[in-house]
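# Summary of structural features
The lines below spell out each chain.
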Amino acid sequence: MLETVITRFVNDRTQQNYFDLLDVLKDSYIWVPCTAVMSEADQRRFMELLDNNDDITGLEFVAQDETRLIPDILQSGDDYFFPIFSSVEAMGEYGENFSHIERSFMEAINLARNNNKKPVAIVLNAFTNPIEISMELCNIVEKMVLENNLN
């Protein structure tokens with residue numbers, strides 16, 4: 001359903017198609033590119049594994065400490081954007097450099113809002129047919145969802 005409304009909006013960028021996209025997106029799961037950050041001790045152990053093995057195919061590495069996933073942020077001029085994708089495939093080559101986490105769009109709004117770079121918008125499918133959703137509009141979508149859940 002999400003891919004259908006994205007295609008409809010990309011082909012006909014009307015206000016109604018944008019609202020239809022937001023209506024589906026608010027109930028959808030999307031993909032967020034993240035960088036995995038391990039503790040220094042786990043990084044040392046991982047580097048030792050790489051140094052001691054010519055072929056790491058099939059080897060498993062289990063972190064002993066907490067691993068943090070930090071969402072990627074895109075920058076254009078002075079503005080920052082929080083990228084999300086409708087599928088892993090929509091990330092293309094860009095996604096090969098990241099871990100991918102699946103989250104609801106509503107969770108992605110919180111991730112974007114809490115990012116220290118303070119993105120001005122969430123951008124859906126940034127490298128194919130980018131669709132920007134301003135943080136102000138994200139706030140409105142959240143309020144609409146909250147009101148619907150209260151009724």
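Residues numbered from 1 in each chain as written. Predicted model: local features only at pLDDT ≥ 70, side-chain atom pairs only at ≥ 80, totals over all residues. Heavy atoms only, no water.

Okay, the pairing of strand β7 (residues 131-134) next. Each regular strand shows side chains that alternate between the opposite faces of the sheet. Of the two faces of β7, only the one carrying I131 and I133 is buried; E132 and S134 on the other face are not. Turn length for the strand β6 (residues 121-124)-β7 hairpin, with the two strands adjacent in sequence and antiparallel, is six residues, and the turn residue N125 shows positive phi of about 50°. (Buried < 20%, exposed > 50% of the residue type's maximum accessible area, 1.4 Å probe, protein only. Helix = DSSP H or I, 4+ residues; strand = E, 2+ residues; numbered from the N terminus. Pairing = 2+ DSSP bridges.)

What follows concerns the pattern of salt bridges. A full pass over the atoms with the stated rule returns four salt bridges. The salt bridge partner of D23 is K26, with a shortest N-O separation of 3.4 Å. Look at D23 and you get partly exposed, because its relative accessible area is 44%. For K26, a relative accessible area of 15% translates into the label buried. We note a salt bridge from R45 to D42, for which the minimum N-O separation is 2.8 Å. Taken together, the positions of R45 and D42, both in helix α3 (residues 40-51) and three residues apart, correspond to about one turn of that helix. Among the residues examined, R45 registers a relative accessible area of 29% and is labelled partly exposed. (Salt bridge = Lys/Arg side-chain N within 4 Å of Asp/Glu carboxyl O.)

Another aspect to go through is unusual backbone geometry. For K118, which is not glycine, the phi dihedral falls at a positive 50°. Not every positive phi belongs to a glycine, and N125 is a case in point at roughly 50°. Position of N125 relative to the elements: it lies in the loop between β6 and β7. With relative accessibility at 4%, the residue N125 sits in the buried group.

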